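# Chains, contacts and geometry: an overview
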Amino acid sequence: MAITDIRAFSHLTEDDIVALANEFDAIRRDVENSRGPRDARYIHSVIRAQRVLEVVGRCALFGSRRRSRWIIGTAALSLAKIIENMELGHNVMHGQWDWMNDPEIHSTSWEWDQTGPSEHWKRAHNYAHHTYTNIVGMDEDVGFGILRMTRDEKWRPRNLAQPIANIVLALTFEWGIALHDLSAKKELEGVPPTQWNSGPNKEFAAKAGRQVVKDLVFFPALTGPAWRSTLSANLTANVIRNIWAYLVIFCGHFPDGAEKFTTEHYENETRGEWYLRQLLGSANISGGRAMDFLTGNLSYQIEHHLFPDLPSNRYPEIAARVRALCGKYDLPYTTGSLARQYWLALRTIHKLALPDRFLKATADDAPETSSERKFDRWRPDAPVVVTEASTGRRRGLLTALRVHAEHAVAERRRRRGESGRRRASATV
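Residues numbered from 1 in each chain as written. Predicted model: local features only at pLDDT ≥ 70, side-chain atom pairs only at ≥ 80, totals over all residues. Heavy atoms only, no water.

- Taking an unreviewed UniProt entry as the reference, the protein chain is identified by name as Fatty acid desaturase belonging to Rhodococcus rhodochrous J3.

As structure tokens, this is what we get:
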């Protein structure tokens, strides 16, 4: 099963976790106390760039019956939608810029260019996901209710179809998120599924209706004779934005190393353990400044989960301090290229589509799911934390994971050797 005792899994003592929490709190204070003009200039420049791209795209689509204009318009519009969705909508609604007291760039007033109402998303994402991050049975973002992403979830026959469901989700990601958030809103308000005229349903219908009219009727009609190509450009831009958002989210939440947790762990979780859960339950994407910007700095998913309401442009400097803490406490810092992280997530999607009897590893020791019990076989009587006497260097979770992997490789080689000897003996 998923992690029940995060202290044992992380190879930290109670005092270590308190000290780690204090160091994370210090990072928060330092950033909060240093917010100022350069941060304001950043977000205003992003808004200007996004609006320029959208205007360029819309203008190019007036001549979109020419292929070159269609390509330029669609590309500009796709970039504008990605920036609005990732760096603006997502981060503004997290309250990252509320400290500016600008009513136009505030979590209470921003409505993003996406099917679902922002108020639905803020309840489902800001509260539920960021409070219960990766807690199986509490965080509904683990697989979004349609994909089995951990062996802790019971296999059902419908999971056989999840490779196809995954493709559909990627293409229609904004609709998937909107319906997911609508369900969360109705559950919060106790609205019966059969009550079609409920408040949440009306809010969803109004927002989705505006989006459909804007993209499929209003803007195509503005371009007159080019309406067909404008319509196709709008649909293409939406799909590109959907796929990109899907990739970023899946690469930050579901590759190997993004751990899952049990409700038992959460019952008595301390502030330090909350920080630790965010650190161990997330994964970053490497790729440079362009990747950072186009992901809304969610390439720093670890830092975002640790400090979801701090300005996203500060995540690179926060990341340097977080990595230093990981080195100090011998903790893993999970990161990798977009291609690598998505391949690991995709492998999990296809692997867990199968019943457990076809899987080799266990829920305590699998690439995508593990617990503190994975170490029991190799160190049943070892202390939680080991410090090398000669160097004073801490040997914690990172070292334990490396030793565990070495033992696993040695065990596989031993089994192959025994199997080979048995075959040779049978031949003789």
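From this point, things continue past the structure.
### Observations regarding the overall build of the protein chain
- Check the secondary structure of the protein chain and you find 16 helices and four strands.
- A compact globule built from 428 residues should have a C-alpha radius of gyration of about 22 Å, and the protein chain, at 24 Å, falls within 12% of that.
- With respect to the principal axes defined by its C-alpha atoms, the protein chain has extents near 80 × 60 × 45 Å.
- Per-residue burial over the protein chain gives 53% buried out of 428 residues. (Helix = DSSP H or I, 4+ residues; strand = E, 2+ residues; numbered from the N terminus. Rg over C-alpha atoms; globule rule 2.2 N^0.38 Å. Buried < 20%, exposed > 50% of the residue type's maximum accessible area, 1.4 Å probe, protein only.)

### Observations concerning the state of the cysteines
- Overall, the coordinates contain zero disulfides when judged by the stated rule.
- This cysteine, Cys326, is not joined by any disulfide, and Cys251 carries the nearest cysteine sulfur, 20 Å off.
- With relative accessibility at 4%, the residue Cys326 sits in the buried group. (Disulfide = S-S within 2.5 Å.)

### What about the UniProt feature "domain: Fatty acid desaturase" (unreviewed entry) in the protein chain?
- Under the local residue numbering, the UniProt record ascribes the feature "domain: Fatty acid desaturase" (unreviewed entry) to residues 70-335.
- As annotated, residues 70-335 comprises 59% helix and 2% strand, and the C-alpha atoms at either end are separated by 37 Å. (UniProt positions renumbered as here; feature names shortened; annotations may be inferred.)

### Notes on the environment of Thr295
- Assignment of secondary structure puts Thr295 in the loop between helix H12 (289-294) and helix H13 (301-306).
- It is 7.8 Å that separates the C-alpha atoms of Thr295 and Ala245, two residues lying 50 residues apart in sequence.
- A distance of 2.9 Å separates a polar side-chain atom of Thr295 from the backbone oxygen of Asp292. (Polar contact = N/O pair within 3.5 Å; in protein donor to acceptor, adjacent residues only side chain to side chain.)

### Let's talk about the environment of Ile6
- Tracing the chain through its elements places Ile6 in helix H1 (residues 6-10).
- Between the C-alpha atoms of Ile6 and Glu269, which are 263 residues apart in sequence, the distance is 9.1 Å.
- Leave out the neighbours within four places in its chain, and Ile6 touches Phe261, His265, Glu273, Leu276, Arg277 and Leu280. (Contact = heavy atoms within 4.5 Å.)

### What to know about the environment of Met149
- Positionally, Met149 belongs in the loop between helix H5 (118-131) and helix H6 (162-171).
- Measuring from C-alpha to C-alpha, the distance between Met149 and Pro311 comes to 30 Å, with 162 residues separating the pair along the chain.

### As for the packing of aromatic side chains
- Tallied over the entire structure, the rule returns 18 aromatic pairs.
- Seen from their ring centres, Phe144 and Phe173 are 5.9 Å apart, and the 85° between their planes marks the pair as edge-to-face. With Phe144 in the loop between H5 and H6 and Phe173 in helix H7 (residues 173-189), the pair connects residues that are 29 residues apart, well separated along the chain.
- Taking relative accessible area as the criterion, Phe144 reaches 12% and is therefore assigned buried.
- Residue Phe173 is classed as buried on the basis of its relative accessible area of 6%.
- Ring centres of Phe218 and Phe219 lie 5.2 Å apart, and the angle between their planes is 70°; this geometry places the pair in the edge-to-face category.
- For Phe218, a relative accessible area of 45% puts it in the partly exposed group. (Phe/Tyr/Trp six-rings, centres within 6.5 Å; stacked < 30°, edge-to-face > 60°.)

### Structural notes on the nonpolar core
- One finds Ile43, Met86, Phe144, Phe173, Trp244, Tyr246 and Phe250 to be the most contacted residues of the largest nonpolar core, which totals 40 residues.
- Those elements giving two or more residues to this core turn out to be helix H3 (37-60), helix H4 (67-92), H6, H7, helix H9 (227-253) and helix H15 (338-351).
- A per-element tally of this core places H9 first, with eight residues.
- Beyond its immediate stretch of four places on either side in the chain, Trp244 contacts Ile82, Met86, Met291, Leu294, Thr295 and Leu338.
- Grouped together as the second largest cluster of nonpolar side chains are 35 residues, Phe24, Leu280, Ile302 and Tyr333 included. (Core = buried A, V, L, I, M, F, W, Y, C linked by side-chain atoms within 4.5 Å.)

### Structural notes on unusual backbone geometry
- Even without glycine at this site, His11 takes up a positive phi of about 60°.
- Within the fold, His11 resides in the loop between H1 and helix H2 (14-34).
- A positive phi angle, near 55°, is found at Asn101, a position not held by glycine.
- By the element assignment, Asn101 lies in the loop between H4 and H5.
- By relative accessible area, which is 64% here, Asn101 ends up exposed.

### Focus on the side chain of Gln301
- On the secondary structure map, Gln301 appears in helix H13.
- Those residues in contact with Gln301, other than ones at most four positions away along the chain, are Gly252, His253, Ser282, Ala283 and Asn284.

### So, H3
- In this model, H3 (24 residues) spans 34 Å end to end at C-alpha, consistent with the 34 Å of a helix rising 1.5 Å per residue.
- Listing the buried residues of H3 in full gives Asp39, Ala40, Ile43, Val46, Ile47, Gln50, Gly57, Arg58 and Ala60.
- Its buried side turned inward, H3 meets H2, H4, helix H8 (199-222), H9 and H12. (Expected span 1.5 Å × (residues − 1).)

### Quick word on the pattern of salt bridges
- Summed over all chains, the structure comprises 24 salt bridges.
- Notably, a salt bridge pairs Arg277 with Glu269, separated by 2.7 Å at the nearest N-O pair.
- Among the residues examined, Arg277 registers a relative accessible area of 0% and is labelled buried.
- On the accessibility criterion, Glu269 (17% relative accessible area) is buried.
- For the salt bridge of Lys351 with Glu368, the shortest nitrogen-to-oxygen distance reads 3.1 Å. With a gap of 17 residues between them, Lys351 in helix H15 and Glu368 in the loop between H15 and strand E3 (386-387) connect regions that are remote in the sequence. Taken individually, Lys351 and Glu368 each receive the classification buried, so the pair is uniform in this respect.
- The structure contains a network of salt bridges with shared partners spanning Arg38, Asp39, Arg314 and Glu317. (Salt bridge = Lys/Arg side-chain N within 4 Å of Asp/Glu carboxyl O.)

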